[in-house]
Amino acid sequence: MAARDSLPLTSFKLGYDDRVSPFKIAVLVFIREYCTARLAQLGMSPHSYYNSIPPFSSQQCKDFCLLSLELIQCYDVTWEDFEIILEPGHYNLSTKIISEFTRSLHQIVKDGASGLLDLGESLEKLLMEPAKGKPMIRRDSVLGIFIRKMVLQLDRMTFEGTVELSSNLASYLDKSNKSEDPLELVQVSRKQAELLVSQQLTMLQRNESLAHSPVNLQKIIDRILHENKDFAEANFLAHLNEMRCQDFSQAEKRLHQSYDQGTISIEGLIHSKLEDNLMNNKTFRHASLNMAFLHASFGHHELAVTALCETVALSGEAADHTCLQESLAWFCHLEENPEMRLKMMERLVTKSSESNLHYLASLGLAMWTQDCALAGVEPKRIFEYLHTNDVANCQHSLTDMTLTCLALRAAIWSFYGYPRNALQVSQLLLTLHTGDPTKGNIYYNNEHMHMAVCNIALHLSRQGRYADAESITKFAAGQYANFQQHSQIWKMTDLHVAFYRTLWLGQWDKAELIISQLAVFNRSESLAKMAHLMLCKGDTCQGKSVLKTLEERLSNDKEPNNHRMPNPGWRMGQKLRLQVQSLVLRSVLLSARQNFVEALLQISQALDICKKHHMNLQLALVEMQSAEIQLMMNFTANALDLVRKHINIIYTHGSLFEQGMAIFLLARCLLAETRTKGCNSVEFKSKKTEIFPLLTRAKRIFNQIEAFHHVKDVVFLEALLYNHLGYEKERNTRAMVFKQLDELYPLRTSNNIQIFIGL
Amino acid sequence: MAVVLDDFNFETVVIAQDLLNAGEECTQRGLNFTAKWLAEMDFAVTQKLDPDVADSLEYQQPKRKGRARYILAKKYFDVKEYSRCAHYTQGCKDQVSMFLHYYSRYMAGEKIVVEDESDKSSETKIAHLKLLHQDLGRLRNTAQWDGYLCYLHGLVLRKMDLPHALQVLQDAVNLTPLNWAAWLELANLIKNSEMLSQLKLPDCWMKYLFMGHILGELHLDEAALSLYEKLHQGVFEHSLYVKSQIAKIYYSLRDGIQAATKFSEIREEDPYCLDAMDVYSNVLYVQINQPELAQLAHQAFAVDKYRVETCCIVGNYYGLRGQHEKAVLYLQRALKLNPHYSYAWTIMGHENIEMKNSNAAIACYRKATEMNMRDFRAWYGLGQAYEILKMPLYSLYYYRMAQSLKPDDSRMLVALGDAYDKLERLHDAKKCYWKAHCVGDLECIALLRLAKTYDKLKETDHAAAAYCDYLRDSEKQGSGEGDEHHGQAYLYLASYYLSKGPQFLDLAREYAQKCVEYPTTLADGKALLREVAQRCQEENSRDQNSIFHSRQPLRRVGGEDSLNLVFTP
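Residues numbered from 1 in each chain as written. Chains lettered and ligands numbered in written order. Predicted model: local features only at pLDDT ≥ 70, side-chain atom pairs only at ≥ 80, totals over all residues. Heavy atoms only, no water.

In terms of helices and strands, chain A carries 35 helices and zero strands. Considering chain A as a whole, with its 759 residues, one finds that 56% of them fall into the buried category. Taking the contacts inside chain A whose residues are at least 6 apart along the sequence as the reference set, 70% of them involve residues at least 24 apart. Of the accessible surface of chain A, which amounts to about 33,400 Å², a share of 54% is contributed by carbon and sulfur atoms. (Helix = DSSP H or I, 4+ residues; strand = E, 2+ residues; numbered from the N terminus. Buried < 20%, exposed > 50% of the residue type's maximum accessible area, 1.4 Å probe, protein only. Contact = heavy atoms within 4.5 Å. Areas by Shrake-Rupley, 256 points an atom, 1.4 Å probe, with all protein chains shown as cover.)

Okay, structure coming up:
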């Protein structure tokens, strides 16, 4: 956020303009040759050589224009690369032009200084000929300006400069004497360096995967800094690059360097008068703000706040509203107390919209919406806020914020328990046209995109389409490589899915390994999963202690990413979700020890949380758990009621696993009902038509999601039922299936309570 | 530092002979500045010798082929026609001529670079270095390879910022330990004492001079001083170089008086010497010795007005007079003469601070640190500039850098403490002040700040103790300007004892009376005195009451007694 337009001020100097490099001479010659040929074709200049060339096709003209534009903008390439660019295949150019171009370039080298001086003259002619009114190249076109600038430079050059340039040109064309490192020979002029730096900055902001890798980028920056020692922006880019690598000390050093230099021009200090070195405190305010950003992103909470206070003091003095609001946004980000946060954000939104700081206002509103949603404000209000925010973003063309809001919307849908809607929004986010033609048409591919991709992967896994999900995760892994700051999102998604899959297969050891991997990214999440695993194993002792740790952690949770803006993925409201999970797990633990009253107490607490925060799907699942416990307590009617009441939500929004569990529970409840009612065998047989399809369905679902651990339960029940009813043949088949499964997936558990937590 | 001077047992004659030989070798190779330095040393050492012995020393000129060609080339070199010299020495197999060839090529390239500094891209600036690097690399491991060529190779590598320069220069000093230029280049590459301890150096008397130099550069002043003192007492008694190094170290140790005496001795001996006189001007600036500085500036101007040292001296002089614009003008001139002169950048930073132009100051200091990483003054200046801009978090970073360069300097520690204090990190601040006090705080500021920090932390007992120590120390040093702070200290102590209880009222009165002596605390002091008097009265009356209360039962007892007495005779 702070990286947005708070770069150190350009220390750009007068008279420090583009130097004429050998590469530029080559470009000039290239343009000249094309124009001469074109003139000859148009019959305006009697050039013997070119008269024989067939006229250029429109594609050739277009290609020339595109190529020349690129050549003007790019930083200097070596002669080998230049030749590769000119090879047929890249651009459609006449081969004669190319051969003539190389020939005249070598001619210039042979002529020495006079060749260069002649070149200048002939270029000037291009701007005037054939008639004064309609020259070959317009003076105010891109090419015209480039040529004029270069001609001016050539004119300005002293004789010794010209001689030097000529000898440089000779060594540029000389292929025998090249070193291995291509970077070493490339010259980067100041303007090219600026373009390069700004391009990389945009890419880092929008689409990190397009930017150079940290190592390469560092090499390029070193190269640029070697030539332009006091180029503050390059140092700032280096600072951001170090932040990518999570290297605090280097990042701090670079930040200091960039702002020390960014204030003033060094050459001005020696050569100019004092009045030129005016005070410019704006840079310092941003320096301070960036320091806060640095500390905040490394989790140095107090230092970040101190830096922000400094910023506020400085910008307060200068009445700099922008900076003040930016700092307020950061204060909101860092504040722990939710009530204070809400107050601050309200102020941020109102103040920012008053001062026409649309980005900040929008950001504030997004943060506000998220906090409100987590605080349990009515959903309709939340969606109203989102709508307002969307409208504002469209009005002010804040593409960045549009993405944020869509990501937030997806997160809120999944928080409320409507994963399908979340999926839809995520897909919308991915298909959004985000390229800005004025800014190099770079598509956004940032954290929000990443999150949307992970949402889809997660959804597919919930539907049992593991292969598809895996291919998406692979895609994410390719896109968001290790060095990117948010690469952990796909890793966590992957681990999350892998955990439940191994759990359902009954591979306890593997699951434990996954938990330990997960603990690196998120301790609480890993603890919850650990407790779940322990209860599945039937190790209530261990499970109890893990649960205790988790509860303690949640009660004084200071995890930095709990409430924070950059985290609105499927993990939004993670704390609440984990609280519910821990309560559910605790109730399972208690009922395993036959302490049903306590267990139901825990369940009711969990229900409270779900109701307060409108977490519908979660609510239904907790109710299912409650039904499960009541079934154990032989409150069959109650349990059946609960299941019937909530199963529809699970059918519509739950994952396959959740559906399977609910169906299985329903079947068991129905079965229990027949027993409590004391049905005779006829009645029981009539019930069976209701129960068996349910069991088959549950079995199918569990098979589909490869939850063989649960398939075994279903098959076992089926076998028992058939036995009871006296269908021996069916009973035997089921028993055989069970035996086969048991051999494949041997189970070592003594726990027979179903836990309604899963993908 | 492991420099033991006890094993410095080189005979004076040997040293003199070495200096003579090395001087000749360097002259032949065109290393004129090194030859000059060696001659100075030779002159100093010879004074310690018996004149007859000194006269008997002579340089054995080795036989050489192609004498005429060499002499021609050398003459061209002497008149700075470097390319011509390189041309005539091309293909020579003689070591001296070969060195002359490569060195003249190097000089030719450098001359062009210096002449049109701003016209060239850096690519062309190092073009000649690249060629030299290739050619010298090829010469390695041949029979002609010697210490001087190795030095040249190291020099080229250092100019190109290549990492193996250190190794090559180390080889160079091992091959030819008497080439002082190689030692100096080596010193430029050493960043800290660990690097120094890892060096493999030849066992030569030159090593001690190098050690002195590098210890001074690394701000290990005590070690450097003792080393130089011993050298000075021994062979190099008459050496102006050693003397000026000692003076520099005194300055670095903040012993201005000693430094000034040493420098003025040097000036008496050699009035036309400008080397290290910029440091002298700094000493005089710090001492606010305007007349002497004026004289120095005048003299320097007469000797050579286009020397960086001269410009620096004049800049300092104007700075002392408060004419900062003119000072900057002269410093700019110094930087035009030599843009790599980090000293001038630092002073320019100081001047910009004086002119309240923090931005410019920051840029200057930053430039100075880029030139010389070990310049703690520049780091300190950066901290100050950011402090002026009210950005303590930034200044903290720079003070930390400065402090790490000079860990035992109380000024850095106090500044660091102040920065922590501003950031409300009082415990850190406390540690800094305490350490500043421990390492020897000349201005007694550390104790005062320490006391204030204790006060902020509500550790009143410690605060009072610190104030007491502060008063004691500053009275011992007799600093006159701390008056205001004295008053505050007394005020604090008075109120502290007042709150302590009735038995400390006398102390409280004593301190309050002292408060009245200072204009700033006059009113508070009087108020305190009144309060003390009131308390005393209360105490007295309470005492009387208590006596009264305690006596009554006595009397009653006595009465009973008397009654008893009366009734039971």
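The helix and strand inventory of chain B stands at 31 helices and zero strands. In terms of principal-axis extent, the alpha carbons of chain B reach across some 140 × 55 × 45 Å. For chain B, with 569 residues in total, the buried portion stands at 49%. Taking as baseline every contact in chain B between residues at least 6 positions apart, the subset at least 24 positions apart corresponds to 57%. Carbon together with sulfur atoms contributes 52% to the accessible area of chain B, which is approximately 27,600 Å² in total.

A few words now on the packing of helix 9 (residues 147-159) of chain B against helix 11 (residues 180-189) of chain B. Residue and element names in this part refer to chain B. Closest axis-to-axis distance for the helix 9/helix 11 pair is 10 Å, and the angle between their directions is 30°. The angle between helix 9 and helix 11 falls in the class roughly parallel. Handedness of the helix 9/helix 11 crossing: left-handed. Here Y151, L155 and R158 of helix 9 lie close against helix 11, whose contacting residues are A181, A182, E185, N188 and L189. Taken together, the residues of the contact of helix 9 with helix 11 break down into five nonpolar, one polar and two charged. (Axes fitted to C-alpha atoms, helices over the stretch in contact; angles between N-to-C directions. Parallel < 35°, antiparallel > 145°, perpendicular 65-115°, else oblique. Left-handed = near helix turned anticlockwise from the far one by under 90°. Nonpolar A, V, L, I, M, F, W, Y, C, P; charged D, E, K, R; others polar.)

In this section: the pattern of salt bridges. Here the idea is simple: oppositely charged side chains can pair when their charged atoms come close. Counted under the stated rule, the structure contains 55 salt bridges over all chains. One salt bridge in this structure joins K699 of chain A and E718 of chain A, with 3.3 Å as the shortest N-O distance. Taken together, the positions of K699 of chain A in helix 33 (residues 681-704) and E718 of chain A in helix 34 (residues 708-725) put the pair 19 residues apart, joining distant regions of the chain. Since its relative accessible area comes to 1%, E718 of chain A is described here as buried. D135 of chain B is paired through a salt bridge with R138 of chain B; the nearest N and O atoms lie 3.2 Å apart. Of the two residues, D135 of chain B and R138 of chain B both sit in helix 8 (residues 127-139), three residues apart, roughly one turn of that helix. (Salt bridge = Lys/Arg side-chain N within 4 Å of Asp/Glu carboxyl O.)

The next point concerns the UniProt feature "repeat: TPR" (unreviewed entry) in chain B. Here, UniProt's "repeat: TPR" (unreviewed entry) annotation points to residues 308-341 of chain B. Taken end to end, residues 308-341 of chain B is 82% helix and 0% strand, and its two terminal C-alpha atoms sit 8 Å from one another. (UniProt positions renumbered as here; feature names shortened; annotations may be inferred.)

All names here are of chain B. Looking at where Q258 falls in the secondary structure, it is placed in helix 16 (residues 256-269). With a relative accessible area of 33%, Q258 lands in the partly exposed category. Linking Q258 and V283, residues 25 residues apart in sequence, is a C-alpha distance of 10.0 Å.

With that settled, consider the side chain of S239 of chain B. All names here are of chain B. Here S239 is to be found in the loop between helix 14 (221-233) and helix 15 (240-252). We classify S239 as buried; its relative accessible area is 2%. Within polar-contact distance, the side chain of S239 engages the backbone nitrogen of Y241 at 3.3 Å. Discounting residues that sit within four places of it in the chain, S239 has contacts with M41 and A44. (Polar contact = N/O pair within 3.5 Å; in protein donor to acceptor, adjacent residues only side chain to side chain.)

A grouping of D111, D118, E121, E124 and D155 of chain A is seen on the molecular surface, where their side chains present a negatively charged patch. Of the residues examined, D118 of chain A reaches a relative accessible area of 44% and is grouped as partly exposed. (Patch = residues over 30% accessible without salt bridge, like charges linked within 9 Å, V, L, I, M, F, W, Y side chains within 5 Å. Lys, Arg positive; Asp, Glu negative; His and termini not counted. Charge placed at Lys NZ, Arg CZ, Asp CG, Glu CD.)

With that settled, consider the packing of aromatic side chains. Applying the stated criterion across every chain yields a total of 52 aromatic pairs over all chains. Between Y397 of chain B and Y398 of chain B, the ring centres sit 5.2 Å apart and the planes meet at 80°, which makes this aromatic pair edge-to-face. You'll find Y397 of chain B and Y398 of chain B in the same group, each marked buried. Pairing Y497 of chain B with F504 of chain B gives two aromatic rings, centres 5.6 Å apart and planes at 35°, and the pair type is tilted. Residue F504 of chain B is classed as partly exposed on the basis of its relative accessible area of 28%. Across the ring face of F664 of chain A, the terminal group of R668 of chain A is positioned such that the distance to the ring centre comes to 4.6 Å. (Phe/Tyr/Trp six-rings, centres within 6.5 Å; stacked < 30°, edge-to-face > 60°. Lys NZ or Arg CZ within 6 Å of the ring centre and 35° of its normal.)

Turning our attention to the domain arrangement of chain A. Split into domains, chain A comes out as domain 1 (22-173) and domain 2 (520-744). Here the C-alpha centre of domain 2 of chain A lies 76 Å away from the C-alpha centre of domain 1 of chain A. (Domains from an automatic or database assignment.)

Our next topic: helix 8 of chain B. Residues and elements named next belong to chain B. Here helix 8 spans 19 Å end to end across 13 residues, near enough to the 18 Å set by a 1.5 Å rise per residue. Within the span of helix 8, buried status applies to H128, L129, L132, D135, L136 and L139. Buried residues along helix 8 cover an arc of 130° about the axis, so they all sit on one side. (Expected span 1.5 Å × (residues − 1). Arc of directions from axis to C-beta.)

This part covers unusual backbone geometry. Only a minority of non-glycine residues have a phi that is not negative, and only a minority of peptide bonds are not trans. Residues and elements named next belong to chain A. The backbone of S397 shows a phi angle near 50°, a positive value even though the residue is not glycine. Positive phi is not limited to glycine here, since Q594 has a value of about 65°. Its place among the elements puts Q594 in the loop between helix 28 (574-592) and helix 29 (596-612). Assessed through its relative accessible area of 56%, Q594 is described here as exposed.

Among the nonpolar cores identified, the biggest contains 369 residues, and W205, L209, F210, F236 and Y386 of chain B are the most heavily contacted of them. In terms of residue count, helix 32 (residues 656-677) of chain A provides more of this core than any other element does, 13 residues in total. Setting aside anything within four residues of it in sequence, one finds W205 of chain B in contact with F8, F10, I15, D18, L19, L178 and F236 of chain B. Counting 47 residues, the second largest nonpolar core, distinct from the first, contains L67, W79, L86 and I147 of chain A. (Core = buried A, V, L, I, M, F, W, Y, C linked by side-chain atoms within 4.5 Å.)

Turning our attention to the environment of E378 of chain A. Topologically, E378 of chain A is positioned in the loop between helix 18 (358-375) and helix 19 (379-395). Under the relative-accessibility criterion, E378 of chain A is labelled partly exposed at 42%.

Of all residues in chain B, 92% attain a pLDDT of 70 or more, and the chain-wide mean is 84. Contacts from residues 550-569 of chain B, a stretch scored under 50 in pLDDT, to residues over four places away or in other chains number 11 contacts. (pLDDT = per-residue confidence, 0-100.)

So, about helix 10 (residues 214-227) of chain A. An α-helix turns once every 3.6 residues. As a result, residues three or four positions apart point the same way. Between its first and last C-alpha atoms helix 10 of chain A spans 20 Å; for 14 residues at 1.5 Å apiece the expected length is 20 Å, and the two agree. Burial in helix 10 of chain A covers these residues: P214, L217, Q218, I220, I221, R223, I224, L225 and E227 of chain A.

What describes two packed helices is the angle between their axes and the distance between those same axes. All names here are of chain A. Look at helix 28 against helix 29: their axes get within 8 Å of each other, and the N-to-C directions meet at 165°. One finds that helix 28 runs roughly antiparallel with respect to helix 29. The handedness of the crossing between helix 28 and helix 29 comes out as left-handed. In this structure, helix 28 uses L576, Q579, V580, L583, R586, S587, L590 and S591 to contact helix 29, whose residues at the interface are F596, E598, A599, Q602, I603, Q605, A606, I609 and C610.

Looking now at the state of the cysteines. Here is the idea: a disulfide is a covalent bond, and it sits between the sulfur atoms of two cysteines. Residues and elements named next belong to chain A. Taken as a whole and assessed by the stated rule, the structure comprises zero disulfides over all chains. Free of any disulfide, C35 has its nearest cysteine sulfur in C65, 9.3 Å distant. Looking at C35, the relative accessible area reads 2%, which means it is buried. (Disulfide = S-S within 2.5 Å.)

Moving on: the confidence of the model for chain A. All names here are of chain A. In the predicted model, chain A carries a mean pLDDT of 83, and 88% of its residues have values of at least 70. pLDDT under 50 marks residues 1-17. Its contacts with residues more than four places away, or in other chains, come to 57 contacts. Confidence drops under a pLDDT of 50 for residues 272-278, and excluding neighbours within four residues, the segment shows 11 contacts in the predicted structure.

In this fold, Q200 of chain A is placed in helix 9 (residues 190-206). For Q200 of chain A, a relative accessible area of 5% gives the class buried.

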